[in-house]
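Listed below are the residues making up each chain.
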Amino acid sequence: MKMLAQCVKNKKFVFSAIVLIPILLMIFLGPVIAPHDPLEMDTSHTLAGSSPAYPMGTDEYGRCIFSRLLYGVRPSMQVALVGTLGAFVAGSLLGIVAGYAGGKAGSLIMRCVETILCFPSILLAMMVVALFGTGVRNLIIVVAILYTPHFARIAHSSTLKVRKMEYVENEVSIGASTPRVLAGTIFPNVLSPLIIQVSLTISSAILLESGLSFLGLGVQPPAPSWGQMIGDARSFLSVNAMYIFWPSLCLCLTILAANLMGDALRDILDPKLKESF
Amino acid sequence: MTRFILKRLGISLIMLLAVSTIVFLMIHMMPGDPALMMLGGDSNPDPAAVAVLREELGLNKPLPVQYKDWVLGAVGGDLGHSYSEKIPVMQSIATRLPRTLELAGAAMLLACIIGLPLGVWSALRRGKTSDLVMTTGASLGTSIPVYVMGYIFIAVFCLDGFGLGFSMPSSGYMDISRSVGGHFTRLVLPALTLALGIAASIMRMTRSSMLDALSGESVRALRAKGLSESKVIIRHVIRNAFIPVVTIIGLQFGNLIGGTVLCETVFNWPGLSTLLVKAINQRDYPLIQGCILVMSSVFILANLVVDVLYGILDPRAR
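Bear in mind the structure is a predicted one, so any value in this text is a computation, not a measurement. (Residues numbered from 1 in each chain as written. Chains lettered and ligands numbered in written order. Predicted model: local features only at pLDDT ≥ 70, side-chain atom pairs only at ≥ 80, totals over all residues.)

Novice: What is the right way to look at the overall build of chain B in this model?
Specialist: A count of helices and strands for chain B gives 12 helices and 0 strands. The order of α-helices and β-strands along chain B, N terminus first, is α-α-α-α-α-α-α-α-α-α-α-α. For chain B, the spread of C-alpha atoms along the three principal axes comes to 85 × 60 × 35 Å. Buried positions account for 37% of the 318 residues belonging to chain B. When contacts within chain B are restricted to residue pairs at least 6 apart in sequence, long-range pairs at least 24 apart make up 71% of them. (Helix = DSSP H or I, 4+ residues; strand = E, 2+ residues; numbered from the N terminus. Buried ≥ 20, exposed ≤ 12 C-beta atoms within 10 Å, placed from the backbone. Contact = placed C-beta atoms within 7 Å.)

Structure below.
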């Protein structure tokens, strides 16, 4: 309850919740709200401005931009949320095990995980997609692999601190099994920095997915996604500027909200840390 | 100091080896026969041509031998032959790498020129309206994807969307030997596009690092001994505050190289990234391999330089 009160008081949290809740709802409600089929072409109204029938106008094939935006949320969010979840699970597991094991084995695990950081992330993603194909499933795997080291590092350094604590020794001395200590005692105590990382990773993952889709290497047409719509709209910048405006606005707002959520969670969960704007 | 530099150098070499191994293995983990895929995937290419290509790519040799050949070739500057461009991979990379490096370098320079002073200023004006405006701007700056920023600039400066009365070239590249002015007018927009997001991160880090340094005990002592405020800030606070900023600048190299991929596409900049995108679309595997290897090496090298620089600035980090 106290936590909730803190959340409501935090302006950044409130702003990002106001933006993110409708976007999350759109994943499920998008198809219900959408006035048109996102693939339906109306060749007599191509690149039209907004009208009662097409609230945000139409694209070069006469498809409803508003409907495409609503349908486009789903693949982006699927990639960002499921991918981040995968990275969270794999990274925390590896980090906690490495931190608790310590010594050579621990650092070996960490070095192996960190090899992923030798690549600029979008390059590794482009290579995986180029070799193993595009599509939502592959993008999820890419996001999970790319962001595992970030979670592993945080879990590892927190575990190193926590495992020396008396309550952990206590648990071990009464004969708790190692998995029990890891899951029951250590995991809850290293959770807050990991949660902050979750919202930052979601925003990076949205950025990555939309960037790949923009290059034509992400969600494949005709299924819409925001990055891909921006990529398609660029050729019509001088004809219908609103075509590129709407997906860009949605994308920027979502990323901004996810970033601010990270800042807000840092303020709330980690008050010892210095203010982060 | 020498030991520290040698150690960092060793780590970078191991990273390079890891990168090359991963790049190599990934091509071989690819589902299907690379030779078949290169000759057109599903369209049943001529089996004789596939056999020739397999031989040429060395796919008939055992994997460790192929790996050894590839690494030795790469060290000697031979990254194989590009299929779409019909020239050695190294040759097409060599013409494009300097352009990407120029774009990235110009962007980093601009980002520092914009980010550092704004961060210092914002920290000194903490809590005032100008601070609020700048920190909000920085939050926005880190949230706008590079390519959206690029199209905003194109709409404003090239298509003259706001009636500024002039228009800049929106795409392409002009060699500096042809026209110095033409070269730089085509460089400004992509570099600025790439710089703004990074400038925002640098600004945020500078601000919080400045606030840290300002609250230090030594600052109080310096003020007490009667040093003027500007001397305290310039000689002492900024010096201490900039050390952690070096790390954040280093961490931004990944974003910078990732950003060039998108930025070059927006502005049709004929650099390494547009080459990579083209190679991916044409399934030119040797070229993909080469581009990724070279770009990752640049990234690792940049990190090495930053690490060493950090070690020089802050002896505790050695």
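Resuming the write-up.
Novice: Sorry if this is basic, but what is going on with the overall build of chain A here?
Specialist: Within chain A, the regular secondary structure consists of 10 helices and 0 strands. Sequence-ordered secondary structure for chain A, helices as α and strands as β, is α-α-α-α-α-α-α-α-α-α. Considered along the principal axes of its C-alpha atoms, chain A spans approximately 75 × 45 × 30 Å. Across the 277 residues that make up chain A, the buried fraction comes to 45%. Intrachain contacts of chain A at a sequence separation of at least 6 include 70% that bridge at least 24 residues.

Novice: Got a minute to help me understand the domain arrangement of chain B in this structure?
Specialist: By a widely used convention, the size of an interface equals the accessible area lost when the partners come together. When its domains are assigned, chain B resolves into domain 1 (32-78) and domain 2 (91-317). On a C-alpha basis, the centres of domain 1 of chain B and domain 2 of chain B stand 39 Å from each other. (Domains from an automatic or database assignment.)

Novice: I keep staring at the nonpolar core and nothing clicks. Help me out?
Specialist: Within soluble globular proteins, side chains that are nonpolar tend to cluster in buried spots. Residues Val143 of chain A together with Ala107, Leu276, Ile288 and Cys291 of chain B are the most contacted members of the largest nonpolar core, which totals 148 residues. At 15 residues, the largest contribution of residues to this core is made by helix H8 (residues 180-214) of chain B. When residues no more than four places from it in sequence are discounted, the contact partners of Val143 of chain A are Val79, Gly83, Thr84, Ala87, Ala205 and Leu208 of chain A. (Core = buried A, V, L, I, M, F, W, Y, C linked by C-beta atoms within 7 Å.)

Novice: What is the right way to read unusual backbone geometry from this model?
Specialist: Note on backbone geometry: most residues besides glycine have negative phi, and most peptide bonds are trans. Of note, Asn268 of chain B is a non-glycine position whose phi angle comes to about 50°, a positive value. Relative to the helices and strands, Asn268 of chain B resides in the loop between helix H10 (229-266) and helix H11 (272-281).

Novice: Help me understand helix H2 (residues 11-33) of chain A in this model?
Specialist: Side chains that are three or four residues apart share a direction in an α-helix, a result of its 3.6 residues per turn. All names here are of chain A. A bend of about 65° at Ile27 is the largest found in H2, and the proline Pro31 appears one to four places after it. Of the residues making up H2, those classed as buried are Lys12, Ser16 and Met26. As for H2, its buried residues are in contact with helix H3 (65-101) and helix H10 (241-269). (Bend = angle between axes of the 7 residues up to and from the residue.)

Novice: I tried to follow the interface of chain A and chain B on my own but got confused; where do I start?
Specialist: Chain A puts 33 residues into the contact, and the matching count from chain B is 39 residues. Of all the elements in the fold, those that place two or more residues in the side of chain A that touches chain B are helix H5 (121-132), helix H8 (178-214) and H10 of chain A. Ranked by the residues each element gives to the side of chain A that touches chain B, the list is headed by H10 of chain A, at 9 residues. Grouping the constituent residues of the side of chain A that touches chain B by class yields 24 nonpolar, 7 polar and 2 charged. (Nonpolar A, V, L, I, M, F, W, Y, C, P; charged D, E, K, R; others polar.)

Novice: Could you clarify how one ought to interpret the packing of H5 of chain A against H8 of chain A in this entry?
Specialist: A pair of packed helices is characterised by two quantities: the angle between their axes and the separation of those axes. Residues and elements named next belong to chain A. Interhelical geometry of H5 versus H8 gives an angle of 50° and a closest axis separation of 11 Å. In terms of orientation, H5 and H8 fall into the oblique class. Judged by the sense of rotation from one axis to the other, the crossing of H5 with H8 is right-handed. Together, Ser121, Ile122, Ala125 and Val129 of H5 and Leu208, Gly211 and Leu212 of H8 make up the contact between the two elements. Grouping the amino acids of the contact of H5 with H8 by side-chain chemistry returns 5 nonpolar, 2 polar and no charged. (Axes fitted to C-alpha atoms, helices over the stretch in contact; angles between N-to-C directions. Parallel < 35°, antiparallel > 145°, perpendicular 65-115°, else oblique. Left-handed = near helix turned anticlockwise from the far one by under 90°.)

Novice: What is the right way to read the confidence of the model for chain B from this model?
Specialist: Interpretation of the predicted coordinates at a detailed level should be avoided for regions scoring low in pLDDT. Residue and element names in this part refer to chain B. Predicted confidence across chain B gives a mean pLDDT of 83, with 94% of residues reaching 70 or more. Element-level pLDDT for chain B is lowest in helix H2 (residues 34-38), with a mean of 69, against a maximum mean of 90 in helix H5 (residues 89-124). Complex prediction metrics read pTM 0.86 and ipTM 0.83. (pLDDT = per-residue confidence, 0-100.)

Novice: Explain the environment of Ser204 of chain A here, please?
Specialist: By the secondary structure assignment, Ser204 of chain A is in helix H8. Sequence spacing of Ser204 of chain A and Ile255 of chain A is 51 residues, and the spatial spacing of their C-alpha atoms is 8.0 Å.

Novice: What's the story with the environment of Ala279 of chain B in this structure? I'm lost.
Specialist: All names here are of chain B. Note that Ala279 resides in helix H11. Sequence separation between Ala279 and Leu192 is 87 residues; the distance between their C-alpha atoms is 26 Å. Not counting the four nearest positions on each side in its chain, Ala279 is found in contact with Ser84, Asp284, Leu287, Ile288 and Cys291.

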